[in-house]
Amino acid sequence: MKASRCIMVATAVILAATQARPQSEGSERGSLIGAWHLVRIDAPDPVGRNALKNQPIGMLIYTGDGHMSVQLMYPRSANSLNNEYVLGGYEASFGSYDVDETKHIVTHHVQGSITRDLLLGKDLPRVYQLTGDGHLIIRSADPREHWSVTWEHY
């Protein structure tokens, strides 16, 4: 009697654990989930050289429930950097994300940003590539933009 109860309890626990797994496990979306640290940003100038001389440090996070956050801090020598994404040498935004595995596009839906209204409410489609050596490379989906960002899981 005790043995059959133990088997029933064990079966229930295994069944519950199996059903609790995220549906994205084993998918490319599942491979994106977690915390990533910045390896490098490549932003070629018109001649093809990397125009970004001072590399920032940074973190990108994708959660299993569809939220994302990214933060980059540029070196002091680049702290005057200001644009749509960066304010005073710091870049930060958060929101939700969707993945189109067929097109290899991850779209960031910006809900908050250090630059406030410049990015707030925007959808930022990004082409992603998961490499064999464990890197995540993200590029703009806009063919006029030629930058790429390489990330590595912590």
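Residue numbering note: each chain is counted from 1, following its sequence as written. Reporting of local features is limited, given that this is a predicted model, to residues whose pLDDT is at least 70; pairs of side-chain atoms are given and counted only at 80 or more, and all residues count toward the totals for whole chains, interfaces and linings. Side-chain numbers come from the whole structure's heavy atoms, not from hydrogens or water.

### Describing the overall build of the chain
A count of helical and extended segments in the chain gives 2 helices and 9 strands. The helix and strand labels rest on DSSP assignments: H or I over at least four residues marks a helix, E over at least two residues marks a strand, and numbering proceeds from the N terminus. Listed N to C, the secondary structure of the chain is α-α-β-β-β-β-β-β-β-β-β in terms of helices and strands. Only protein chains enter the accessibility calculation, which uses a 1.4 Å probe. A residue is then buried if its area is under 20% of the maximum for its type, exposed if over 50%, and partly exposed in between. Within the chain, the fraction of its 154 residues that count as buried is 31%. Contacts are assigned to residue pairs that have any heavy atoms within 4.5 Å of one another. Across the chain, every contact between residues at least 6 apart in sequence was considered, and the portion connecting residues at least 24 apart equals 42%.

### Concerning the nonpolar core
The criterion is simple. A nonpolar core is a set of buried Ala, Val, Leu, Ile, Met, Phe, Trp, Tyr and Cys residues joined through side-chain atoms within 4.5 Å. Counting residues in each nonpolar core, the largest one holds 18 residues, and the members touching the most others are Leu-60, Tyr-62, Leu-136, Ile-138 and Trp-151. Beyond its immediate chain neighbours, meaning those up to four positions away, Ile-138 contacts Leu-60, Tyr-62, Arg-126, Val-127, Tyr-128, Trp-147, Ser-148, Val-149 and Trp-151.

### Quick word on the side chain of Ser-148
Assignment of secondary structure puts Ser-148 in strand 9 (residues 148–153). Take Ser-148: its relative accessible area is 10%, and that puts it in the buried class. Excluding residues that lie within four positions of it along the chain, Ser-148 makes contacts with Arg-40, Ile-41, Asp-42, Ile-137, Ile-138 and Arg-139.

### Let's talk about the layout of surface pockets
In this structure, the largest pocket spans a volume of roughly 490 Å³. If you trace the largest pocket, you find 23 residues lining it, with Leu-72, Tyr-85, Glu-91, Trp-147 and Val-149 closest to the centre. Those elements giving two or more residues to the lining of the largest pocket turn out to be strand 3 (67–73), strand 5 (90–100), strand 6 (105–113), strand 7 (123–130) and strand 9. All residues other than Ala, Val, Leu, Ile, Met, Phe, Trp, Tyr, Cys, Pro, Asp, Glu, Lys and Arg, Gly among them, are scored as polar; the first ten of these are nonpolar and the last four charged. Partitioning the lining of the largest pocket into residue classes produces 18 nonpolar, 3 polar and 2 charged. Every definition here rests on a 1 Å grid over the protein atoms only: cavities are sets of points where a 1.4 Å probe fits but cannot get out, pockets are open sets enclosed by protein on both sides within 12 Å along at least five of seven lines, and lining residues have some atom within 4 Å of a point. Grid points are joined across faces, edges and corners, and a volume is the space filled by probe spheres set on the points.

### Quick word on the pairing of strand 6
For strand 6, the buried fraction is high: 8 of the 9 residues fall into the buried class. Strand direction decides the pairing type here: strand 5 and strand 6, joined by 8 bridges, are antiparallel. Considered in strand 6, the bridge of Ser-96 is made with His-109. Where strand 5 hands over to strand 6, the hairpin turn is made up of 4 residues, of which His-104 adopts a positive phi near 60°. Two strands qualify as a pair provided that DSSP identifies no fewer than 2 bridges between them. Both strand 6 and strand 7 contribute to a ladder of 5 bridges, which runs antiparallel. Counterpart to His-108 in the pairing with strand 7 is Leu-124.

### Here we look at unusual backbone geometry
Of note in this structure, His-104 is not a glycine but carries a positive phi near 60°. Examined against the element boundaries, His-104 turns out to sit in the loop between strand 5 and strand 6. Classification of His-104 by relative accessible area gives partly exposed; the value is 32%.

### Structural notes on the pairing of strand 1 (residues 34–42)
Strand direction decides the pairing type here: strand 1 and strand 2 (residues 57–62), joined by 4 bridges, are antiparallel. In the strand pairing of strand 2, Trp-36 is matched with Leu-60. Bridging between strand 1 and strand 9 involves 6 bridges; their strand directions are antiparallel. Across the sheet, the residue bridging to Leu-38 is Trp-151, located in strand 9.

In short, shape yes, function no, at least from these values alone.
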